Amino acid sequence: MKYVVEKADYRGKTPEKVPSGIFLVTAKNVRMGLIDYECSQEFVARHEYDDIMRRGLPKKGDILFTTEAPLGKVALVDREDVALAQRIIRFRMNAEHFESRFTLFAMMSDYFQAQLLRLSTGSTAEGLKASKLPMLRLVAPPLSEQYAISASLDRDTAKIDGLVGKVREAIERLKEFRTAIICAAVKGKIDVRGEVARVPRFPSAPSRKQSSAG
């Protein structure tokens, strides 16, 4: 990593948060492969933005990497009007050696994640010290191969994402159908007398007198 990272930005503490302003990307927002802007919404004051980001502004294509809670989640910066919280490192790769999307996929892979586990410390929450970052290694095929690999993975993952979306839609429709059936049954719109007749009848539990007599 120390030979192929052009810039690295590591923050020691999270700035003061406010009800509205510049979106603050925290470790909660960084999922495996994307930034989830819905799961957690926190903000910093606009007038403090320049000071907060004095080490460098985010640029599309930069890699975000979580160092703790959780460790090893990565995503690409897809908008530049954001601030970064603690426990996130922003990497800008040397474009002569690494393409951003290939780097993202490489850091999501098992071989890279295994390095993180091996170098991590902490009893309650696994974390990676900044001093260990130069020890991390990335496979480095030629740029032409990196573009081909990332394009292939984009196509394959798009198919999977499409299938996941269809399954989620089907689950939501089934939930709505289930709710509608329950509502109709409760309101008497469905004749369930035949179903009631088929419900097995179990013998009642013996009374205390019968139990003691036995």
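These numbers were taken from a predicted model, which means no experiment stands behind them.

Calculation notes
- Residues numbered from 1 in each chain as written.
- Predicted model: local features only at pLDDT ≥ 70, side-chain atom pairs only at ≥ 80, totals over all residues.
- Heavy atoms only, no water.
- Helix = DSSP H or I, 4+ residues; strand = E, 2+ residues; numbered from the N terminus.
- Buried < 20%, exposed > 50% of the residue type's maximum accessible area, 1.4 Å probe, protein only.
- Contact = heavy atoms within 4.5 Å.
- Pairing = 2+ DSSP bridges.
- Polar contact = N/O pair within 3.5 Å; in protein donor to acceptor, adjacent residues only side chain to side chain.
- Arc of directions from axis to C-beta.
- Phe/Tyr/Trp six-rings, centres within 6.5 Å; stacked < 30°, edge-to-face > 60°.
- Salt bridge = Lys/Arg side-chain N within 4 Å of Asp/Glu carboxyl O.

Novice: Is there a simple way to explain the overall build of the protein chain in this structure?
Specialist: Secondary structure summary: the protein chain contains 6 helices and 9 strands in total. In the protein chain, buried positions account for 33% of the 214 residues. A sequence separation of at least 24 residues applies to 69% of the contacts in the protein chain between residues at least 6 apart.

Novice: How do you make sense of the pairing of strand 9 (residues 88-93) when you look at a structure like this?
Specialist: Where a strand is regular, its side chains alternate between the two sheet faces. Burial within strand 9 is extensive, with 6 of its 6 residues counted as buried. Side chains Ile-88, Arg-90 and Arg-92 of strand 9 all project onto a buried face; the interleaved residues Ile-89, Phe-91 and Met-93 project onto the opposite face, where all are buried too. The pairing of strand 1 (residues 5-10) with strand 9 spans 5 bridges and is antiparallel. The residue of strand 9 that forms the bridge with Tyr-10 is Ile-89. Strand direction decides the pairing type here: strand 6 (residues 63-67) and strand 9, joined by 4 bridges, are antiparallel. Bridge pairing in strand 9 links Phe-65 to Ile-89.

Novice: I tried to follow the side chain of Gln-146 on my own but got confused; where do I start?
Specialist: Its place among the elements puts Gln-146 in helix 4 (residues 143-186). Its relative accessible area of 0% is what places Gln-146 among the buried residues. Here His-97 takes part through its backbone oxygen, which lies 2.8 Å from a polar atom of the side chain of Gln-146. Leave out the neighbours within four places in its chain, and Gln-146 touches His-97, Phe-98, Glu-99, Phe-102, Ala-140 and Pro-141.

Novice: Would you take a moment to explain helix 3 (residues 110-119) for this structure?
Specialist: Given 3.6 residues per turn, any residue in an α-helix points the same way as the ones three and four places further on. The complete set of buried residues in helix 3 reads Phe-112, Gln-113, Gln-115, Leu-116 and Leu-119. For helix 3, the angular spread of buried residues about the axis comes to 150°, placing them on one side. The exposed residues of helix 3 that point more than 90 degrees off its buried face are Asp-110, Leu-117 and Arg-118. Contacts from the buried residues of helix 3 go to strand 6, strand 7 (71-76) and helix 2 (100-108).

Novice: How do you make sense of the packing of aromatic side chains when you look at a structure like this?
Specialist: Aromatic ring pairs are defined here through the distance separating the ring centres and the angle between the ring planes. A full pass over the atoms with the stated rule returns 4 aromatic pairs. Aromatic pair Phe-23 and Tyr-37: ring centres 5.3 Å apart, planes at 70°, arrangement edge-to-face. Within this pair, whereas Phe-23 is found in strand 2 (residues 22-25), its partner Tyr-37 is found in the loop between strand 4 (34-35) and strand 5 (42-44), the two being separated by 14 residues in sequence. Exposure remark for Phe-23: the relative accessible area of 7% places this residue in the buried category. Their ring planes at 45° and their centres at 6.0 Å tell us that Phe-65 and Phe-91 sit as a pair that is tilted. Taken together, the positions of Phe-65 in strand 6 and Phe-91 in strand 9 put the pair 26 residues apart, joining distant regions of the chain. The pair formed by Phe-65 and Phe-91 is uniform in burial state, with each residue classed as buried. Through a chain of ring-to-ring contacts, three or more aromatic side chains come together here, namely Phe-23, Tyr-37 and Phe-43.

Novice: Sorry if this is basic, but what is going on with the pattern of salt bridges here?
Specialist: Note that side chains of opposite charge can pair when their charged atoms are close. Applying the stated rule across the entire model yields 9 salt bridges. When the shortest N-O distance is used, the salt bridge between Asp-9 and Arg-90 registers 3.6 Å. Of this pair, Asp-9 sits in strand 1 while Arg-90 sits in strand 9, placing them 81 residues apart in sequence. Taking the relative accessible area as the measure of exposure, Arg-90 reaches 3% and is therefore buried. We note a salt bridge from Asp-36 to Arg-31, for which the minimum N-O separation is 3.6 Å. In this structure Arg-31 comes out as partly exposed when scored by relative accessible area, which is 38%.

Note that every value here comes from positions in space, so none of it alone points to a role or purpose.
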